Amino acid sequence: EQFLVGRAEGVQPPGIHVDHPADFLAAARAVEVSVNDQAVRLLRGPSREFVQANLASAFTPETLEFRRRIFKAIWEGRREYEGESTLRGFDGTAVRVYARWWLPLVNGEPKYEWSQVGLIDLTAIRRTEEALAVERLQRRVDRDDDVRRVRKRRARQELRRRRSEPTPFAVDGRGQRR
């Protein structure tokens, strides 16, 4: 809520929280976050306590950009934001997620301390999409190779056919008709 004091006082643009990465990172890390068992599994952490205490280390530059956009959405008076982002699991793996942040209203007023983020693990889906893209590319290469082989074979056949047919006129060694 302190973040919005500047907006109420007419400060523009959104200030350190949005425009200065180091200060924003400190502000983002200061936000208290609780995690559930799904978040522990998603980030491959050993326990809720560990994940909650070390959540900032799961942030990537892309994650911080997502959080920056959430702060900007709040600044602009919006109550939700969604998109894809990448987290870093505690085992070092990249975890691709679809994230949706929303801010509930209580008696018509935003309840910032009840802000929610829902994550859907897209990692396997994105890996499958990448594998399919590679497979499609390989098929195209193979198909192009097959097409080239067929064209080459047809060209050889046509060359043999033309060489075996008698020419309508004879040519001497100097390229002159006889």
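Reference entry: report on the structure contained in this document.

Thresholds applied
Residues numbered from 1 in each chain as written. Predicted model: local features only at pLDDT ≥ 70, side-chain atom pairs only at ≥ 80, totals over all residues. Heavy atoms only, no water. Pairing = 2+ DSSP bridges. Helix = DSSP H or I, 4+ residues; strand = E, 2+ residues; numbered from the N terminus. Axes fitted to C-alpha atoms, helices over the stretch in contact; angles between N-to-C directions. Contact = heavy atoms within 4.5 Å. Phe/Tyr/Trp six-rings, centres within 6.5 Å; stacked < 30°, edge-to-face > 60°. Lys NZ or Arg CZ within 6 Å of the ring centre and 35° of its normal.

## Considering the sheet that holds strand β2 (residues 94-102)
Alright, step 1. The strand order across the open sheet built from three strands is β1-β2-β5, with neighbouring strands paired in antiparallel fashion. Since the sheet does not close on itself, it has two edges, and those belong to β1 (80-88) and β5 (116-121), each with one partner. Averaged over all pairs of adjacent strands, the angle between their axes in this sheet comes to 30°, without regard to strand direction.
Alright, step 2. Sheet topology places β1 next to β2; nine bridges connect them, and they run antiparallel. Residue pairing across strands places L87 opposite V95, the latter belonging to β2.
Alright, step 3. Each of β1 and β2 touches helix α6 (residues 61-75); the most contacted strand, β1, lies at about 160° to it.
Alright, step 4. Where helix α7 (residues 123-164) meets the sheet, it contacts β1, β2 and β5, and its direction lies at approximately 125° from that of β2.

## Here we look at the packing of aromatic side chains
Each aromatic ring pair is specified by the distance between its two centres and by the angle formed by the two planes.
Alright, step 1. With the rule as written, the count across this model stands at two aromatic pairs.
Alright, step 2. Judged by centre distance (5.0 Å) and plane angle (75°), the ring pair of F50 and F90 falls under edge-to-face. Of the two residues, F50 sits in helix α5 (residues 48-54) while F90 sits in the loop between β1 and β2, which places them 40 residues apart along the sequence.
Alright, step 3. Against the face of W114 rests K111, its NZ or CZ located 5.4 Å from the ring centre.

Taken by themselves, the reported measurements are silent on function.
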